[in-house]
Amino acid sequence: METTRKHKVPEMEGLQARWYAKNRGTEAQLAQYRRQAAEVTAGLPDGAEVLEVAPGPGFFAVELAKRGFRVTGLDISHTMVEIARENGAGLEIDFRQGDITHAPFADESFDFLVCQAAFKNFRQPVAALDEMHRVLRPGGFAVIHDLNHEATGADIDREVAGMNVGAVAGFTVRQTLGWLRRRAFTREQFEALAAESAFGGWSVTADGVGLEVRLTR
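As annotated in an unreviewed UniProt entry, the chain carries the name Methyltransferase type 11 and comes from Amycolatopsis camponoti.

Spelled out as structure tokens, the structure:
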């Protein structure tokens, strides 16, 4: 039976989206995106087709494109798509507005899929996983990074300290992460969602404030 969450976080639009984008675009954050892009795409051939689900401001998609991959971004927020297109100007990245539970792509379109800091907001998480499975080619894989529901206050403090956003913005980000953590999944919950989906293989790793989920088509 499809798992449906009762409540959904409103999509970020307008000034809220631009505030978020500003706080995710610090030098420390950009350096982290570069490291993550290298880590999660290790072994992918040049020119591989990559889909980022909920790319937000597009910073991570930009790093993927710089590494020689053909990148598509799908975000439900109209404002985020505008911001991402601004940040990706000059690069061949196709940022589109749309919902991952009804992905506007043909079957087996991508070699790799990544979703960061957004999965907890999906009202139909299993439907989202099934669509991810559908658009991946056989042998393709997906990586989902998100908050860990069981992250501690100290974990959040360390995460915010690494963002280098300043005291005032740091307080706001810390409060926001604490609120979002309540919506996030535990490791066990993510494993149950994966088992309910079309994916046949997965692993879930907890690391401080976050979870990393790897799913194989």
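Enquirer: Even after reading the chapter, I still don't get the packing of helix H5 (residues 125-135) against helix H8 (residues 187-196), so can you show me in this structure?
Expert: Think of two packed helices as two axes; the pair is described by the angle between the axes and how far apart they sit. Running from N to C, H5 and H8 cross one another at 55°; their axes reach a closest spacing of 9 Å. As far as their axial angle goes, H8 and H5 are oblique. H5 and H8 meet at a crossing whose hand is right-handed. Contact residues: Pro125, Val126 and Leu129 in H5; Leu193, Ala194 and Glu196 in H8. Classifying every residue of the contact of H5 with H8 gives five nonpolar, no polar and one charged.

Enquirer: What is the right way to look at the packing of aromatic side chains in this model?
Expert: Geometrically, a pair of aromatic rings is defined through the distance of the ring centres and the angle of the planes. Under the definition given, this model contains eight aromatic pairs. Taken together, a centroid distance of 6.1 Å and an interplanar angle of 20° make the contact between tyrosine 33 and phenylalanine 59 stacked. Of the two residues, tyrosine 33 is situated in helix H2 (residues 27-40) and phenylalanine 59 in helix H3 (residues 59-66); the sequence distance between them amounts to 26 residues. Looking at phenylalanine 59, the relative accessible area reads 16%, which means it is buried.

Enquirer: Looking at this structure, how should I read the pairing of strand E3 (residues 93-97)?
Expert: Each regular strand shows side chains that alternate between the opposite faces of the sheet. Two strands pair when backbone bridges link them, and strand E2 (residues 70-75) and E3 are joined in this way by five bridges, in the parallel orientation. The partner of leucine 74 across the bridge, within E3, is arginine 96.

Enquirer: Teacher, can you tell me more about the environment of glycine 98 here?
Expert: Within the secondary structure layout, glycine 98 lies in the loop between E3 and strand E4 (110-116). As for glycine 98 and valine 53, which are separated by 45 residues in sequence, their C-alpha atoms are 9.6 Å apart. Excluding residues that lie within four positions of it along the chain, glycine 98 makes contacts with Leu74, Asp75 and Ile76.

Cut-off values and rules
- Residues numbered from 1 in each chain as written.
- Predicted model: local features only at pLDDT ≥ 70, side-chain atom pairs only at ≥ 80, totals over all residues.
- Heavy atoms only, no water.
- Axes fitted to C-alpha atoms, helices over the stretch in contact; angles between N-to-C directions.
- Helix = DSSP H or I, 4+ residues; strand = E, 2+ residues; numbered from the N terminus.
- Parallel < 35°, antiparallel > 145°, perpendicular 65-115°, else oblique.
- Left-handed = near helix turned anticlockwise from the far one by under 90°.
- Contact = heavy atoms within 4.5 Å.
- Nonpolar A, V, L, I, M, F, W, Y, C, P; charged D, E, K, R; others polar.
- Phe/Tyr/Trp six-rings, centres within 6.5 Å; stacked < 30°, edge-to-face > 60°.
- Buried < 20%, exposed > 50% of the residue type's maximum accessible area, 1.4 Å probe, protein only.
- Pairing = 2+ DSSP bridges.

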